Amino acid sequence: MMFKNSCKLLCANFAEVWKVLVYHILSIALCVGLLAVFYKDYIDFGTLASAKAGLKEVWESGTLYGATFAKALTVVANFIIFFFEFMFTKSVGIGIYFCVIIFILFPLLMNIGKVATCELMYGYMSACQKQSFTGTYLKTLRKSLAYSFVKVIYTLPINFLILLGLWGLTRVNNTTFDHFMPFAFVIISALLMAIKELLNAGWAPAKVVYDHNVFSSYTIGMRATMRRGARIFSTALIVYLLSIVLTMVLGLYSIIIILPIIPFFMHIFEMVAFFSSQGMRFYVDNDTILSPKKLEEVDKIEDAKYII
């Protein structure tokens, strides 16, 4: 039901997808513009890393045919490692600057946009109200900055562990395993991202709905998502499985088809999961109001002390 209701809300608010897409493009453009200060260095590092890893040969033969998927994934992983190796060997300052832009500033901008999107969805789900993305973005900027900064710091080690797990797949040197590498990559990637989603799904919605501080919002959001943890995890797993498979099949076309929709859909899904877990009524379209089970029907007896 969460998936179905999220799809209904996506269709009812599809115009917002383009606004969020424009925001993402502008955020990417800002980061690229800042990186352009040392663009010649980054091009040199990329060229050296590509030559050392043999990246050109992989693209020429294709990642899903010719060379095996396992080999292609290993080459891409090696390219990234060599890129950072050349960059930090040449200049630690340039390397730190690159990491700050990619791993701090860009996620920060994405999370600020996420709070604005959740605020838009809160207005629609609670009162069937349409709002301006720009106006909502500016209105929520102060509280979204605190949330975004804390979340970036919080998710850094989680993202690192996910990347480490995927990198570990490329270190397996076994001919038999190579045949199962595409399946292992898809399943493990989806599992790790679904776990991350479960740990964070209620955070932004709780911040938007209750407007508490960042840490209280995380506690409220975690308590809410754990009420329906199995459903949230399984739905997120299915969404990520489909996204990864379609991305692998469509390749570059996924940038046009999948990437603009998935982030917005996941924001909607988090709001639906939070509302459903809290027993809050909400609009799924202009003519339909959904009434989830009340907290008294969802919580266990020992959790009754949290009901206000």
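*Asks:* What should I look at first to understand the overall build of the chain in this one?
*Replies:* Across its full length, the chain carries 14 helices and two strands. Counting only residues that meet the buried cut, the chain has 44% of its 308 residues in that class. For the chain, long-range pairs separated by at least 24 residues make up 71% of all intrachain contacts whose partners lie at least 6 apart in sequence. Carbon and sulfur atoms provide 70% of the accessible area of the chain, an area that totals close to 16,300 Å².

*Asks:* Please explain the packing of aromatic side chains as it appears in this structure.
*Replies:* Remark: the centre distance and the inter-plane angle together describe each pair of aromatic rings, the angle taken between the planes. The tally for this structure, following the rule as stated, stands at 22 aromatic pairs. Here the aromatic rings of F38 and Y42 are separated by 6.5 Å at their centres, their planes lie at 85°, and the arrangement is edge-to-face. Summarising the aromatic geometry, the rings of Y154 and Y218 are spaced 5.5 Å apart at their centres and angled 65° between planes, so their arrangement reads as edge-to-face. With Y154 in helix α7 (residues 133–170) and Y218 in helix α10 (residues 214–227), the pair connects residues that are 64 residues apart, well separated along the chain. In textbook terms, an aromatic cluster arises when at least three aromatic residues are bridged by ring pairs, as seen for F38, Y42, F45, F79, F83, F84, Y97, F98 and F103. Looking at K52, its charged tip hangs above the ring of F82, at a distance of 4.5 Å from the centre.

*Asks:* Please explain the pattern of salt bridges as it appears in this structure.
*Replies:* Two side chains bearing opposite charge may form a pair once their charged atoms approach each other closely. Applying the stated rule across the entire model yields six salt bridges. Here E85 ties to K52 by a salt bridge, and the two come within 3.7 Å at their closest N and O atoms. Of this pair, E85 sits in helix α5 (residues 69–90) while K52 sits in helix α3 (residues 39–53); the two residues are 33 residues apart in sequence, bridging distant segments of the chain. According to the relative accessible area criterion, K52 is partly exposed, its value standing at 47%. Between K143 and E119 there is a salt bridge, with its nearest N and O atoms 3.4 Å apart. Taken together, the residues K143 in helix α7 and E119 in helix α6 (residues 92–127) connect sequence positions 24 residues apart.

*Asks:* What should I look at first to understand the nonpolar core in this one?
*Replies:* Nonpolar side chains in soluble globular proteins generally cluster together in the buried interior. Within the largest apolar cluster, 78 residues are counted, with the highest numbers of intra-cluster contacts made by L9, Y42, M125, F185, F274 and F275. Sorting elements by how many residues they give to this core places α6 first, with 14 residues. The residues contacting F185, other than those within four sequence positions of it, are F69, L73, L166, L169, I244 and M248.

*Asks:* Help me out: how do you make sense of the environment of R171 in this one?
*Replies:* Checked against the element boundaries, R171 lands in the loop between α7 and α8 (175–200). When the C-alpha atoms of R171 and A70 are compared, they prove to be 9.8 Å apart, with 101 residues separating the residues in sequence. For R171, the contacting residues outside a window of four places in its chain are T74, A77 and N78. Within the structure, R171 has its side chain in polar contact with the side chain of N78 (distance 2.9 Å).

*Asks:* How should I be thinking about the packing of α7 against α10 in this particular structure?
*Replies:* For any two helices packed against each other, one specifies the inter-axial angle together with the distance between the axes. Where α7 contacts α10, the two axes come as close as 10 Å, and the packing angle between them is 65°. Taken as axis vectors, α7 and α10 run roughly perpendicular relative to one another. Crossing angle aside, the handedness with which α7 passes α10 is right-handed. Between α7 and α10, the residues in contact are A146, Y147, V150 and Y154 and V214, F215 and Y218, respectively.

*Asks:* Whenever I open this one, helix α11 (residues 229–250) confuses me. Can you help?
*Replies:* Each α-helix turn comprises 3.6 residues. Residues three or four places apart therefore point the same way. With 22 residues, α11 extends 31 Å between its outermost C-alpha atoms, agreeing within 8% with the 32 Å of an ideal straight helix rising 1.5 Å per residue. What α11 keeps buried is the set G229, I232, T235, A236, L237, V239, Y240, S243 and I244. Where α11 is buried, its residues meet α1 (2–12), α8, α10 and α13 (262–278).

About the cut-offs
- Throughout this description, residue numbers start from 1 for each chain and increase along the sequence as written.
- For a predicted model such as this one, the threshold for reporting local features is a pLDDT of at least 70, and the threshold for listing and counting side-chain atom pairs is 80 or more; totals across whole chains, interfaces and linings nevertheless cover every residue.
- Side-chain figures throughout are based on the complete set of non-hydrogen atoms in the structure, without hydrogens or water.
- Strands are runs of DSSP state E lasting at least 2 residues, helices are runs of H or I lasting at least 4, and numbering of each runs from the N terminus.
- The rule is simple: take the accessible area with a 1.4 Å probe, protein chains only, and divide by the maximum for that residue type; under 20% is buried, over 50% is exposed, in between is partly exposed.
- Contact criterion: two residues are considered in contact whenever any of their non-hydrogen atoms come within 4.5 Å of each other.
- Values of accessible area rely on a 1.4 Å probe in the Shrake-Rupley scheme; residue burial ignores everything except the protein chains shown.
- Two rings belonging to Phe, Tyr or Trp (six-membered ring only in the last case) form a pair when the distance between their centres is within 6.5 Å. Interplanar angles under 30 degrees mark stacking, angles over 60 mark edge-to-face geometry, and anything in between is tilted.
- Working rule: Lys NZ or Arg CZ, within 6 Å of ring centre, within 35 degrees of ring normal, means a charge sits over the ring.
- For this document, the term salt bridge refers to a Lys or Arg side-chain nitrogen within 4 Å of an Asp or Glu carboxyl oxygen.
- Buried residues of nine kinds, namely Ala, Val, Leu, Ile, Met, Phe, Trp, Tyr and Cys, make up a nonpolar core once their side-chain atoms join them within 4.5 Å.
- N or O atoms within 3.5 Å of each other form a polar contact, as long as, within protein, one can give a hydrogen and the other can take it, and as long as residues adjacent in sequence are counted only when both atoms are side-chain atoms.
- Convention adopted: a line fitted to C-alpha atoms gives each axis, helices being fitted over their contacting stretch, and angles between N-to-C directions are expressed from 0 to 180 degrees.
- Any angle from 65 to 115 degrees is called roughly perpendicular, while one under 35 is roughly parallel, one over 145 is roughly antiparallel, and all others are oblique.
- A crossing counts as left-handed when the near helix is turned anticlockwise from the far one by less than a right angle, and as right-handed when that turn is clockwise.
- Between the first and last residue of a helix there are one fewer steps than residues, each counted as 1.5 Å, and that sum is the expected span.

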